[in-house]
Amino acid sequence: MSEQHITSILESIRFASLSESDHSRIRAHIASCVDCARAYRVASVSASLLENRLAETFEPSPFFHTRVLAAVREKQNEGPAFARLWRAAGALVSSMAAAVVLFAVLSFGVLDQQSLPTDAPATAYSAEALILDDIEEEQTDGQVLSTLYEADE
Amino acid sequence: MRRYSPRVFHFASRFFRQRSLVEEAAQEVFLKAFTQLGSYEGRGSMEGWLTRITTNTCLNLLRSAKRRPEMTVSDLSEDESGWLESKYSGAAEEEFKSSERSKVAADLTERVLETMSPDDRLVLTLVDGEDAPVKEVAELTGWSESKVKVQAFRARKRMREAVEKLLSK
């Protein structure tokens, strides 16, 4: 053991967990090995540093619980991400949908009105007067037909 | 929450030295616990479940924090150099027990730990600092036991190297 370097022991075992027999074996080796002697001392300093650091601890402040409960309530009120997104964009989406519906209603209404004359017997007024839209008074179907026959004769 | 907060604070204090950071971590732990209460199946203790959440929360906070660059002798204060030198030379233990000396050592340790990776910090704190069994650390972190052992081995080596650099003149 006294011939074997001890650095691997220092790295594989927690320093504070080394037994008295481990320490005595290590001491036997470091008496003649400068590198291991340094490593042993440094490991001892490292263990001391950790010990001092971990001696510090904090207790919860008096307002900690109130703050956490407020944060929990806030989180509960937030709800799921989709609901939050919907609340933020809901008004905009609703107004856009309303605009689309209004536009559709207006478009179909105008088209319906424009298609009405095609259904009417407008083709019957085929004389020049009808084409030139010179007729001042609205004629009955009989009058229109007689006008057309006269033109053919 | 009143029953478990001292434990959560104690645990988070191992990873953060500023009260504000400890409180931030503890608040996040309880928020997660409230929102994930459904995932607690009652198989283990509530304390164990909260400790697992605390470990993961602290590890994530450490990972998101910026790592300090490697320290050299020139970064040390006079008190810190004095503490290291006297400790290294094996001066009387009583000298280091005073609260002021402990604070110097704790400051220095925190700065050394800040140069290390979050995983190294975690394993040094739990295994070497808290003397937690490897199996328990494996359960807390979700790592395998062999990973904990290897990580501890490497972390001790890196800690020793970092301290050695501060002692070299």
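All values derive from a computational prediction rather than experimental measurement.

Asker: Give a description of the packing of helix α3 (residues 46–64) of chain B against helix α7 (residues 118–129) of chain B that names residues and reports values.
Answerer: Residue and element names in this part refer to chain B. At a minimum axis distance of 9 Å, the contact between α3 and α7 shows a crossing angle of 140 degrees. The orientation of α3 relative to α7 falls into the category oblique. Crossing hand, α3 versus α7: right-handed. Contacts from L59, L62 and R63 in α3 reach P118, R121 and L122 in α7. Broken down by class, the residue content of the contact of α3 with α7 amounts to 4 nonpolar, no polar and 2 charged.

Asker: Could you give an account of the interface of chain B and chain A, naming the residues involved and the relevant values?
Answerer: Frequently, the measure chosen for interface size is the accessible area removed from exposure when the parts meet. Contacts between the two partners involve 41 residues from chain B and, on the opposite side, 30 residues from chain A. Contributions of two or more residues to the side of chain B that touches chain A are made by α1 (5–13), α2 (19–35), α4 (78–88), α6 (99–114), α7 and α9 (145–167) of chain B. Of the residues forming the side of chain B that touches chain A, the biggest block, 9 residues, is contributed by α2 of chain B.

Asker: Explain α1 of chain B to me, and be specific about the residues and the numbers.
Answerer: Taken together, the buried positions of α1 of chain B are occupied by V8, F9, F11, A12 and S13 of chain B. Buried residues belonging to α1 of chain B abut α2 and α3 of chain B.

Asker: Tell me about unusual backbone geometry, and please be specific about residues and values.
Answerer: Residues other than glycine seldom take positive phi values, yet D131 of chain B does so here, at roughly 55 degrees. When you line up the elements, D131 of chain B lands in the loop between α7 and α8 (134–141).

Asker: Provide a residue-level description of the nonpolar core, including the pertinent values.
Answerer: Counting 35 residues, the largest nonpolar core has L10, A43 and L49 of chain A together with V123 and V163 of chain B as the members making the most contacts within it. Among the elements of the structure, α1 (7–12) and α3 (34–54) of chain A together with α4, α6, α7, α8 and α9 of chain B are those that each provide at least two residues to this core. Looking at this core, the element that brings in the most residues is α3 of chain A, giving 8 residues. Non-local contacts of V163 of chain B, meaning those with residues more than four positions away in its chain, are made with V42, V45, S46 and L49 of chain A together with V112 of chain B. Counting residues in each nonpolar core, the second largest holds 17 residues, with F11, F16, V22 and A26 of chain B among its members.

Definitions and limits used
- Residues numbered from 1 in each chain as written.
- Chains lettered and ligands numbered in written order.
- Predicted model: local features only at pLDDT ≥ 70, side-chain atom pairs only at ≥ 80, totals over all residues.
- Axes fitted to C-alpha atoms, helices over the stretch in contact; angles between N-to-C directions.
- Helix = DSSP H or I, 4+ residues; strand = E, 2+ residues; numbered from the N terminus.
- Parallel < 35°, antiparallel > 145°, perpendicular 65-115°, else oblique.
- Left-handed = near helix turned anticlockwise from the far one by under 90°.
- Contact = placed C-beta atoms within 7 Å.
- Nonpolar A, V, L, I, M, F, W, Y, C, P; charged D, E, K, R; others polar.
- Buried ≥ 20, exposed ≤ 12 C-beta atoms within 10 Å, placed from the backbone.
- Core = buried A, V, L, I, M, F, W, Y, C linked by C-beta atoms within 7 Å.

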